[in-house]
Amino acid sequence: MKKHKDLLQVLKANNMRITPARRFLLQFILDSKKHAGIKTGQITLKSITRFMEKILPGVNRSSIYRNIEAFKKLDIIQEISLPSGSFFQYVFDCKVHHFYICKSCGKASVGNEKLFNKIEAALKDIHGFAKANLSIVFYGYCSKCGH
Ligand SMILES: [Zn+2]
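Residues numbered from 1 in each chain as written. Predicted model: local features only at pLDDT ≥ 70, side-chain atom pairs only at ≥ 80, totals over all residues.

## What about the confidence of the model for the protein?
Detailed reading of the predicted coordinates is not advisable wherever pLDDT is low.
So, step 1. Averaged over all residues, the pLDDT of the protein equals 84, while 86% of them reach at least 70.
So, step 2. By mean pLDDT, strand β1 (residues 42-43) is the weakest element of the protein at 78, and helix α4 (residues 61-73) is the strongest at 95. (pLDDT = per-residue confidence, 0-100. Helix = DSSP H or I, 4+ residues; strand = E, 2+ residues; numbered from the N terminus.)

## Description of the environment of T49
So, step 1. Summarising the element assignment, T49 is placed in helix α3 (residues 45-55).
So, step 2. In sequence terms T49 and I64 are 15 residues apart; their C-alpha atoms lie 7.2 Å from each other.
So, step 3. Here T49 is in contact with R61 and I64, once residues within four sequence places are set aside. (Contact = placed C-beta atoms within 7 Å.)

## Focus: the environment of A108
So, step 1. Mapping A108 onto the fold places it in strand β5 (residues 108-110).
So, step 2. Take A108: there are 19 C-beta atoms within 10 Å of it, and that puts it in the partly exposed class.
So, step 3. The contacts of A108, once residues within four sequence positions are left out, are I80, L82, F99 and I101. (Buried ≥ 20, exposed ≤ 12 C-beta atoms within 10 Å, placed from the backbone.)

## Some points on the packing of helix α2 (residues 20-31) against α3
So, step 1. With their axes 10 Å apart at the nearest point, α2 and α3 run at an angle of 130° to one another. Comparing the axis directions of α2 and α3 gives the class oblique. Every pair of crossing elements has a handedness; the one defined by α2 and α3 is right-handed. Between α2 and α3, the residues in contact are A21, F24, L25 and F28 and I48, F51, M52 and I55, respectively.
So, step 2. Its residues placed into classes, the contact of α2 with α3 shows eight nonpolar, no polar and no charged. (Axes fitted to C-alpha atoms, helices over the stretch in contact; angles between N-to-C directions. Parallel < 35°, antiparallel > 145°, perpendicular 65-115°, else oblique. Left-handed = near helix turned anticlockwise from the far one by under 90°. Nonpolar A, V, L, I, M, F, W, Y, C, P; charged D, E, K, R; others polar.)

In C-alpha cells form, the structure reads like this:
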C-alpha cells in the first residue's frame, strides 16, 4: 500500500521508530474510511483503543495516546472537537482540511475547496502569505438549526 509506505517515510524523516503499534495505528487511520459503523473518515479515540487492544493485546494505553499526539504534530491526523466529544480525521495529503461544525446539533461537515481557494487568495492579498496549510474549524449553526 503506497500511502502507508509514504507515511512510514514521514515517521522516519522525523526520527520516529517504526514500531508495530505505530504501523497498526497508521493502517487503522488509513482504513477508517472503509470501516462500517464509523462515519466517513471520523475516528474516535475509543475506536482506536479498541482496535489497538484487539490487535496488540496488552498494548499500553498511554503509548497509544502518545502516538496519537505525535501523529497530530506531524499533521497526519487532526483532532476535531464537537459538543458531543472529539474525533480524529486523516488530513495528511488532503489539500483542504477545514470543517463546519454546528454548535446546536453537532453536525460536522468537510469544507469545500472553493472556499479554501478564496481564503488562500485573501491571505496572500491581505497578508502576503502564501502556501498556507490551512487547518480551520468553523463553529456556527447549520441551515437546519438556523440562527
Ligand atoms: Zn445544526
